[in-house]
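# Structural description and commentary
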Amino acid sequence: MTATGNDAYGQALAERIKQFIIDADKNSARSRQRRIGPSEVGEPCERQLTYKILDWPETNTSRDPIAAIIGTGFHMWMAERFADRQAQMPDGQPRYRIEERVTVRQGPTEASTLTGSSDLFDRLALLNNDWKLVGKSSHNKYRTAGPGEKYRIQAHLYGLGQENAGHRPTRVAVTFIGRHHELMVHVWSEPYDRSIAEAALARLDRIRDTAARLELDHHPENWQVVPIPEKPNCRFCPWLLPGSTDLAAGCPGAPNPNAGASLEALIA
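Description of the structure in this document. (Residues numbered from 1 in each chain as written. Predicted model: local features only at pLDDT ≥ 70, side-chain atom pairs only at ≥ 80, totals over all residues. Heavy atoms only, no water.)

Moving on: unusual backbone geometry. In this model, Asp55 sits at a positive phi of 55°, which is unusual for a non-glycine residue. Along the chain, Asp55 turns up in the loop between α4 (46–53) and α5 (66–84). Given the relative accessible area of 42%, Asp55 is considered partly exposed. Unusually for a residue other than glycine, Glu215 sits at a positive phi of about 50°. (Helix = DSSP H or I, 4+ residues; strand = E, 2+ residues; numbered from the N terminus. Buried < 20%, exposed > 50% of the residue type's maximum accessible area, 1.4 Å probe, protein only.)

Right, here's the structure in full:
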């Protein structure tokens, strides 16, 4: 008899371990984060950002957490390896700022304050670098088409955070490492531009102000005028609810072509 591990005991244990991973991820600090972080500010979907700003109940409970868990482990490994290679600058300070908290913007309220953990800042190269562990198809996409606005904005927001900490970068980078059986590394980089970060923060403020004007808690019908992109990336959205006809309950992911036209009239 061949021992395949497909008996009732193995299957039951596999299900228990799977549920343990899901539950542990839900209780992790990353999953419990309620405030918007630099990685979310550049999200193209205004509806998703509005749900996040309002701390709306999530609906997409089927999201697979394993990619994010593996990514977290990789970030920890990179932090340890750079710590092993830490060097001193002529001023006596360490060359690498590793996984250090930065304040992108200190606002008048907690909600308007934006902070985050920067993966790596090299004080010698004046470079802020962010690690992204991605699948093979995503790696090919970022290699050929660039990082997309979301990751590009995140890079410059962290650049602003480093500038606020007194370490102004000259360049920002996003390093894409393929989550595959062979090592694939692609680095996107460009000169740091404070105005890119400031424009993203202004957009976030506009979305927050619009959400307040729409009074979505009391007027759920107004959700229909909060726009989403023509081709939204809905798979991992926490508020995806396929087939939903009530946007207060969740988003079906279908674009609303009339949202932009009616929005201005509604909040005028």
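After that view, the rundown keeps rolling.
Summed over the entire model, instances satisfying the criterion amount to 17 salt bridges. A salt bridge links Asp91 to Arg123; the nearest nitrogen and oxygen atoms lie 2.7 Å apart. Taken together, the residues Asp91 in the loop between α5 and β1 (96–105) and Arg123 in the loop between β2 (114–122) and β3 (127–134) connect sequence positions 32 residues apart. We note a salt bridge from Arg95 to Asp122, for which the minimum N-O separation is 2.8 Å. On the criterion of sequence distance, the pair formed by Arg95 in the loop between α5 and β1 and Asp122 in strand β2 is long-range, its members being 27 residues apart. (Salt bridge = Lys/Arg side-chain N within 4 Å of Asp/Glu carboxyl O.)

Per the counting criterion, the structure on display carries 10 aromatic pairs. Judged by centre distance (4.3 Å) and plane angle (25°), the rings of Tyr51 and Trp223 are stacked. Taken together, the residues span a long stretch of sequence, with Tyr51 in helix α4 and Trp223 in the loop between α8 (194–214) and α9 (259–267) at a distance of 172 residues. In this structure Trp223 comes out as buried when scored by relative accessible area, which is 0%. Taken together, a centroid distance of 5.1 Å and an interplanar angle of 80° make the contact between Phe82 and Tyr96 edge-to-face. On the criterion of sequence distance, the pair formed by Phe82 in helix α5 and Tyr96 in strand β1 is long-range, its members being 14 residues apart. Here Phe82 matches Tyr96 in class, with each residue buried. (Phe/Tyr/Trp six-rings, centres within 6.5 Å; stacked < 30°, edge-to-face > 60°.)

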